[in-house]
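Topology and contacts: notes
Residue strings, one per chain:
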Amino acid sequence: MTNHTPGRNCLIVAVLLLAALFGACKPSGEESSSHPPVVVFKHSKLFGDPRPLAQLLAEFERANPGVRVRAETLPAASDAQHQYYATNLAAGAADFDVFALDVIWVAEFARAGWLRDLSHLLPAAEREAFFRGPIEAVTWEGRAFALPWFMDAGVLYYRKDLLDKNHLAPPRTWDELLHAARTVTRTESGVHGFIWQGKQYEGLVCNALEYLWSHGGEVLRNGQVVLDSAANRAALTFMRELLTSGVTPEFVTTLTEEPAREIFGRGAALFLRNWPYAWRLFEQQGSAVRGKVGVSALPHFIGGKSAATLGGWQLGVNRHSRNPQAAERLAQYLTSPAAQKVLALAYGYNPPRRALYEDPELLAAQPFFAELRAVYERARPRPVTPQYVRLSQVLQAEFSGALAGLKSPSQALIDAQRQAEAILR
Amino acid sequence: MTREHPGLFLAPAAVTLGAVALFPALAVLWLSLEERSPLLAAARFVGFDNYTRLIADARFWNALANTVYFSAVSVALEVLLGLLVALLLARAFRGRALLYSIILLPWAIPTVVSARLWEWLYNADYGVLNYLLGTHVNWLGSPGWALHAAILMDVWKATPFVALLLIAGLQTIPRELYQAAALDGAGAWTTFRRITLPLLVPLLLVVLVFRTIDAFRVFDAIYVLTGGGPANSTETVSIYAYKVLFQALEFGYGSAVAVSVLAVVALLTAVYARLLRGSMT
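For clarity, every value in this text was computed on a predicted model and none was experimentally measured.

Considerations on the sheet that holds strand β11 (residues 269-274) of chain A
Residues and elements named next belong to chain A.
- The strand order across the open sheet built from four strands is β8-β11-β7-β12, with neighbouring strands paired in mixed fashion. One side of each edge strand has no neighbouring strand; the edge strands of this open sheet are β8 (192-195) and β12 (293-296). Each neighbouring strand pair of the sheet contributes to a mean axis angle of 15 degrees, computed without reference to strand direction.
- Bridge count between strand β7 (residues 155-159) and β12: four bridges; the pairing is antiparallel. Counted as the bridge partner of Y158 is G294 from β12.
- Running at roughly 145 degrees to β11, helix α8 (residues 174-187) makes contact with β8 and β11 of the sheet.
- Against the sheet, helix α11 (residues 257-265) touches β7, β8 and β11, its axis set at about 155 degrees to β11.

A closer look at the interface of chain A and chain B
- Contacts between the two partners involve 34 residues from chain A and, on the opposite side, 29 residues from chain B.
- Among the secondary structure elements, those contributing two or more residues to the side of chain A that touches chain B are α1 (6-21), α3 (78-90), α4 (106-112) and α17 (388-403) of chain A.
- Grouping the amino acids of the side of chain A that touches chain B by side-chain chemistry returns 16 nonpolar, 12 polar and six charged.

A word on α8 of chain A
Residues and elements named next belong to chain A.
- Taking 1.5 Å of rise per residue, 14 residues should cover 20 Å, and α8 covers 21 Å from first to last C-alpha, within 8% of that figure.
- Of the positions making up α8, those classed as buried are W174, L177, L178, A180, A181 and V184.
- Where α8 is buried, its residues touch α7 (160-165), β8, α10 (230-244) and β11.

Thoughts on the domain arrangement of chain A
Residue and element names in this part refer to chain A.
- Assigned domains within chain A: domain 1 (35-152 + 311-380) and domain 2 (153-309 + 384-424).
- Here the C-alpha centre of domain 2 lies 28 Å away from the C-alpha centre of domain 1.
- With 21 residues of domain 1 at the contact, the number on the domain 2 side is 19 residues.
- Secondary structure elements with two or more residues in the side of domain 1 that touches domain 2: α4, α6 (132-137), β6 (147-153), α16 (369-378) and β14 (379-380).
- Per-element tally for the side of domain 1 that touches domain 2: the top contributor is α16, with six residues.
- A class-by-class count of the residues in the side of domain 1 that touches domain 2 yields 11 nonpolar, three polar and seven charged.

Focus on helix α9 (residues 202-213) of chain A
All names here are of chain A.
- Here α9 contains 12 residues, and its C-alpha end-to-end distance of 17 Å stays within 8% of the 16 Å for a straight helix at 1.5 Å per residue.
- Where burial is concerned, most of α9 is hidden: 12 out of the 12 residues are buried.
- For α9, the full list of buried residues reads E202, G203, L204, V205, C206, N207, A208, L209, E210, Y211, L212 and W213.
- Each element contacted by the buried residues of α9 is listed here: α10, α11, β11, β13 (308-317), β14 and α17.

Focus: the environment of A270 of chain B
- By the secondary structure assignment, A270 of chain B is in helix α13 (residues 251-280).
- Residues A270 of chain B and V209 of chain B, spaced 61 residues apart in sequence, show a C-alpha to C-alpha distance of 9.6 Å.

With respect to unusual backbone geometry
- Between G229 of chain B and P230 of chain B the backbone carries a cis peptide bond, its omega angle lying at -15 degrees.
- With respect to the helices, strands and loops of the structure, P230 of chain B is situated in the loop between α11 (220-225) and α12 (237-247).
- Even without a glycine there, the phi angle at H167 of chain A is positive, about 55 degrees.
- Tracing the backbone shows H167 of chain A in the loop between α7 and α8.
- Exposure remark for H167 of chain A: the 7 C-beta atoms within 10 Å place this residue in the exposed category.
- Its identity as a non-glycine residue notwithstanding, N232 of chain B has a phi of 60 degrees, on the positive side.

Focus: the environment of L199 of chain B
- When you line up the elements, L199 of chain B lands in helix α10 (residues 188-216).
- Taking the C-alpha atoms as reference points, L199 of chain B and V46 of chain B, separated by 153 residues in sequence, lie 50 Å from one another.

A look at the pairing of β13 of chain A
All names here are of chain A.
- Burial within β13 is extensive, with 10 of its 10 residues counted as buried.
- Bridge count for strand β3 (residues 98-102) against β13 is five bridges, and the pairing is antiparallel. Bridge pairing links D102 to W313 in β13.
- Relative to β13, β6 runs antiparallel, the two sharing six bridges. Across the sheet, P148 pairs through a bridge with Q314, a residue of β13.

The rules behind these values
- Residues numbered from 1 in each chain as written.
- Chains lettered and ligands numbered in written order.
- Predicted model: local features only at pLDDT ≥ 70, side-chain atom pairs only at ≥ 80, totals over all residues.
- Pairing = 2+ DSSP bridges.
- Helix = DSSP H or I, 4+ residues; strand = E, 2+ residues; numbered from the N terminus.
- Axes fitted to C-alpha atoms, helices over the stretch in contact; angles between N-to-C directions.
- Contact = placed C-beta atoms within 7 Å.
- Nonpolar A, V, L, I, M, F, W, Y, C, P; charged D, E, K, R; others polar.
- Expected span 1.5 Å × (residues − 1).
- Buried ≥ 20, exposed ≤ 12 C-beta atoms within 10 Å, placed from the backbone.
- Domains from an automatic or database assignment.

Quick look at the structure:
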């Protein structure tokens, strides 16, 4: 490492001066003889009552005498967290021990050497207890660097009442979805066929991958870029056709999760692709679509298999942690079946453990967990590469160009292939 | 205190400016000569490699073209409209103070807030703009419209600022000049062209400097409206720099992108300063 460039030294001096100026004395999780070890747990704010999480942490302290846990929250914006962790970990910060990682950061952080190898906490039997997608996502070069905490995957929401009225079944293939959307929108005024997330941002990549995968296409295979393929061309062409045929309104190119959820939620769409979080909001008091919404796996192309993009959070242990044993125990505890059940009940976050989808208490509280299980079995991580952010920026721009009709889907894939190869070279 | 140490009195200002302006600028300049990324554990001096990469980077040129187009069109419109509004409002009438404050509202609202507001106005599904025009235009979601939508918002926001500055300028023009022109039988257009405009030129140049620099660095409005999409059609240099710096965490290359903004802004300022000096003499 050639870290001692003058620029860096200047920066350090400046930061120290500023720190001295403002008397900034940062509390740290340092172990000292007179205090019990403190394990600092960093995560983004959980939406809801903070008490269930606090109770879990208190229970951990009781079970581990002599260890204290301090939870610290970060802003919800994923970019801000990414930046926070990367800059601190690169500087060798040891003032947090356990932290929550977005599913797309694991390879990046593992390659940088910031995460403790947690493979010993995930023996074969334990790996089996989790869905495959999250396990793939936490694995880098054959080793596990984090433990799956919550998971997410793209699902299809549909209006049961509108399908029933037209004697239609929930679509299993994309063609069936097209047919159903055309049939229903012909008679229902003010109802869009199919709404999803088409704005140029991370969510667009999540959406597009589901079409590519459900046609047998991929982005990377054995580390090689395989974007420019017949399957991907057909899948991206279909996405563009959703817009040109009017089944999906053209303004889908401005939609992120919430605006899309809002349109479906006020009853103005037949189908919606979104994450599981939307379910609770559709079923709450006063919702215009309460009791009329069904959930299923996303459709697939004929000959392909339904696919869902994996999202969610994992717990990693800082390689520079001063209390690695206690930190590992905390990560293990928070990802245990018992803790994940508590968190699922309290916050509605979906556990990555298979067995919990058969838990009667959870099923009673979240009836649609039964539907979710099949989706989660198929959830796949986005390309696992340390260069994911740059790759994603290319995919966002090129997919967006194809959707907006600025270039043909095949040209977009050729251009994406070239740029992705340059990044991953 | 003797007269020999005037530097002592300048020291606090010099230190402050050095710490908050000079040091960060130099640090960015230095960073732009490094390959530095926490993710790649890279921190090494690479000379002008980042700049050669910049020159070959199609996405950078696209961002630069977007930025130049955005700045040129929005500033031209703002100055023209601002001048028009200023000429209309410069005369004395009842309720003028109240009108001025109302006009300044768009300028007073934080950009992120007004960008959210415009996002709703532009909403293709239920936005007011499509409703009023009776159209179904995909304002923010089509590559042909999105940058223009951003320009319109910028014009809405900055025109009042331009108008207010020009009103102040108009009020400094001696009335005698207008009276003399009237005696000589000059019409409204001649008066404007021969008296008002020449005397406003220095101020117009100042306005141009402010607005161009501001427009060239545009970030917040576009970040909220479109995030740079669709298909990078609204990605400005500042947005590109943000994505490289704070999403991809390529601090070296991102700094090179940022320095390019600085270079263009410095160049523009130099040109304006020259024009300004010319107009004063």
